[in-house]
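# Fold and contact review
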Amino acid sequence: MQLTDDELRQYRLDPTPEVVQAAWDTIHTHESSIADLEARIQGLLNDVRDLRYDQAKHRAAIERSIGLITLARRLPEELLIRIFTLAIADGWTRGPVVVSHVCAGWRKAALAPQVWTHVYAECDDPRVLGRTRFWLGRARSAGLHPTIVASCRATDKQVAQLMALLVERSAQWKSLRVETDTLSLGLNSLVGVLYLCRHLCRHSFPELREVEVKTAALDAGSILNGATARVELLKSTFAAHRAPLLSSISYISTAVPLQPIFPAHIANLVLEIKESTHSSPLSAESLLTILEALPHLRALTLSMPCDYASEYIPTPTEDLGERAALLPALEALTLYGPTDMNGFLLHLRPPALRALRLRSLGDLGLCRHSIAPTLICFLCFWAPPLRLLELHDIDLTPKEMADMLRVLPDLRELRLHECAIGDATVRLLHGPEGLCPRLARVDFRWCGHLRGRALVDLVRSRRHDAGEGAQDVREETAADPIEEVGVINCCFVTEEDVLDLARMTVCRLVMREQDDYCRTCGCCENQRYRTRLRLRHMSELIEEGSNIKLVL
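Below is a summary of the structure that appears in this document. (Residues numbered from 1 in each chain as written. Predicted model: local features only at pLDDT ≥ 70, side-chain atom pairs only at ≥ 80, totals over all residues. Heavy atoms only, no water.)

## Notes on the overall build of the protein
Of the regular secondary structure elements, the protein holds 21 helices and 17 strands. Sorting the 552 residues of the protein into buried and exposed places 43% on the buried side. Of the accessible surface of the protein, which amounts to about 29000 Å², a share of 54% is contributed by carbon and sulfur atoms. (Helix = DSSP H or I, 4+ residues; strand = E, 2+ residues; numbered from the N terminus. Buried < 20%, exposed > 50% of the residue type's maximum accessible area, 1.4 Å probe, protein only. Areas by Shrake-Rupley, 256 points an atom, 1.4 Å probe, with all protein chains shown as cover.)

## Some thoughts on the packing of helix α7 (residues 128–139) against helix α8 (residues 156–166)
Between α7 and α8, the least distance of the axes is 10 Å, while the angle of their chain directions is 5°. Classed by the angle they form, the pair α7 and α8 counts as roughly parallel. From α7, V128, L129, T132, R133 and L136 reach across to α8, where they touch Q161, L162, L165 and L166. By residue class, the composition of the contact of α7 with α8 is six nonpolar, two polar and one charged. (Axes fitted to C-alpha atoms, helices over the stretch in contact; angles between N-to-C directions. Parallel < 35°, antiparallel > 145°, perpendicular 65-115°, else oblique. Contact = heavy atoms within 4.5 Å. Nonpolar A, V, L, I, M, F, W, Y, C, P; charged D, E, K, R; others polar.)

## What to know about α7
Along an α-helix, a turn takes 3.6 residues, which lines up residues three or four apart on a common side. The end-to-end C-alpha separation of α7 is 16 Å, in line with the 16 Å expected for twelve residues at 1.5 Å each. Among the structural elements, α5 (95–99), β1 (120–122) and α8 are those in contact with the buried residues of α7. Where α7 ends, the next residue or the one after it, R140, has phi of about 55°, a positive value. (Expected span 1.5 Å × (residues − 1).)

## Here we look at the packing of helix α14 (residues 372–382) against helix α15 (residues 398–406)
Here α14 crosses α15 at 15°, and the two axes come no closer than 9 Å. Relative to α15, the element α14 is oriented roughly parallel. Of the two possible hands of crossing, α14 and α15 adopt the one that is left-handed. Contacts between α14 and α15 involve A372, L375, I376 and L379 from the former and E400, D403 and M404 from the latter. Here the contact of α14 with α15 is built from residues that sort into five nonpolar, no polar and two charged. (Left-handed = near helix turned anticlockwise from the far one by under 90°.)

## Describing the packing of aromatic side chains
This structure, assessed with the given rule, holds nine aromatic pairs. Judged by centre distance (4.6 Å) and plane angle (75°), the rings of F381 and W382 are edge-to-face. Note on W382: relative accessible area 16%, which makes it buried. Among the aromatic residues, ring-to-ring pairing joins W116, F134 and W135 into one connected group. (Phe/Tyr/Trp six-rings, centres within 6.5 Å; stacked < 30°, edge-to-face > 60°.)

## Some details on the nonpolar core
Nonpolar side chains in soluble globular proteins tend to be buried together. Ranked by size, the top nonpolar core spans 122 residues in total, and within it F262, L391 and M404 carry the most contacts. Here this core takes six residues from α14, the largest share from any one element. Residue contacts for F262: discarding those within four places in its chain leaves L234, K235, I249, Y251, L269, L271, I290 and L294. (Core = buried A, V, L, I, M, F, W, Y, C linked by side-chain atoms within 4.5 Å.)

## Some points on the pairing of strand β11 (residues 355–359)
The buried fraction of β11 amounts to five of the five residues, a majority that puts the element mostly inside the structure. Neither face of β11 is open: one carries A355, R357 and R359, the other L356 and L358, and all of them are buried. By the bridge criterion, five bridges tie strand β9 (residues 332–336) to β11 in an arrangement that is parallel. Within β11, the residue paired with L333 across the bridge is L356. For β11 and strand β12 (residues 388–392), the ladder comprises five bridges, and the chain directions are parallel. Residue pairing for β12: A355 is matched across the bridge by L388. (Pairing = 2+ DSSP bridges.)

## Here's the deal with helix α18 (residues 495–504)
Summarising burial for α18: seven of the ten residues are buried, a large majority. Considered for burial, the residues of α18 that qualify are E495, D497, V498, L499, L501, A502 and M504. Buried residues belonging to α18 abut α17 (452–461), β15 (484–488), β16 (506–508), α20 (527–536), α21 (538–544) and β17 (550–551).

## Here we look at the environment of G431
As for its position among the elements, G431 is in the loop between α16 (423–427) and β14 (441–445). When the C-alpha atoms of G431 and S461 are compared, they prove to be 4.8 Å apart, with 30 residues separating the residues in sequence.

## Concerning the pattern of salt bridges
In the structure shown here, the tally under the stated rule is 35 salt bridges. The salt bridge involving R357 is made with D515; its shortest N-O contact spans 2.9 Å. On the criterion of sequence distance, the pair formed by R357 in strand β11 and D515 in the loop between β16 and α19 (518–521) is long-range, its members being 158 residues apart. Overall, the relative accessible area of 39% leaves D515 in the partly exposed class. Between E483 and R441 there is a salt bridge; the shortest N-O distance is 3.5 Å. Note that E483 is positioned in the loop between α17 and β15 and R441 in strand β14, a separation of 42 residues in sequence. What you see here is one network of salt bridges that share partners, running through R357, R359, E390, E413, R415 and D515. (Salt bridge = Lys/Arg side-chain N within 4 Å of Asp/Glu carboxyl O.)

## Here's the deal with the pairing of strand β4 (residues 210–214)
Burial along β4 is one-sided: the residues V211 and V213 are buried and none of E210, E212 and K214 is. In this sheet, β4 lies alongside strand β3 (residues 175–180) in parallel orientation, the contact comprising five bridges. Paired with E179 across the strands is K214, a residue of β4.

Pasting the structure below:
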């Protein structure tokens, strides 16, 4: 604010009493005006607060009204029950109690017996008996899926009381999961649970289909003391006459059992070993001993440790190819472990094998043995009718890859993850007379030597309408067309290649919804790439519509 000349002169002279009084009068006047304005501001702020409060009441009324018509309240009770059951089966142990406190509709759905079928019981919890009794009462006659966690802190009395309560409903068991800690007493807890299952139960397990066991290691002292023999209770407890429908067992431990401990009639075995110590090394002998006692296996997964103190012990050279576990019904084999264990393939004889998945430890820097000679020898020697082959982090030379493909005439799906496949190998699959004539699906990930044009040429060469005179090719001799191409994180496959592939066949840039190992390790998440592709080519995707079969 600029001062006038008269006001400026007042500041150059000493103030007179009249000037001082006038100044004080002016100050009091402005202070009074400021107080009046502050009062008006406070009144307006109070009005704003009142208006905000009224606004909040209206919003709350809107929320309550939306709550009355929300989809969660309008879902059919059967669908709510299904959602609750899936969430609880995924590990939400307190789910039934939580959802029953949401609203009356959810409470009604939560009272369904099938919502309470997953019984989670920690033996060392002082309230476990009351909680388990409450859960069983809610489940009524529905099929049960008990999970028993037995640690070294649980006393024999606690385990006995809990198991006596659970085995009264053994006829309702659909699955059983037993977990023990990694301490030495964890083995005793497992044996105690299995012993009580066998001796306290008045009935068998007529509906039991799956068993999962997580137990502690058997060290040298345990072996000498006969602890391994005691674990055989797993075999006798769930024998065919006691659990006739049992088909799947998952056994996760820190050592390979030294003798057969699994019921002979199971069809699916997952054997996951966490360690290979000097006292309990991995050996072909122990694995063969287990598998030779399981003639009805249809699916087998062997997951061996990533870090091991003692190397895998193969069978003597003179036994190579002579001692083999005959698995006449085996259709799916997954082998994950150290590369020096690849020779174990030659000790398996699966005449009906349809799916083979091999995963090495090359990504951990432990790759020391080539799998190619063993794999090719296995395919040539036993000639399994493979339909699916998955190689995860396994490198083969172009010659080895070609030799492998030549002995797979019935292959329908090929999955390669971080393999050094090149354009020359892909060209072997070209045309009506290419290798693997029944090949219909390919999936390449992190294949840094493969160009996108090679994939485009492969799909084009196998189209039945490709080239002149293609209609004259006899159907029984023509190679099957490529129905789907999966390509993820291959640096020489450009966006134009992806679009060209999608114009001829289904091109998938995402992981499979099921049966995809990469979902567990998250190595093939390419969300940013897919988003960029979608934004850059949005007009083409819209214009061509159904002509582009792209799975993003």
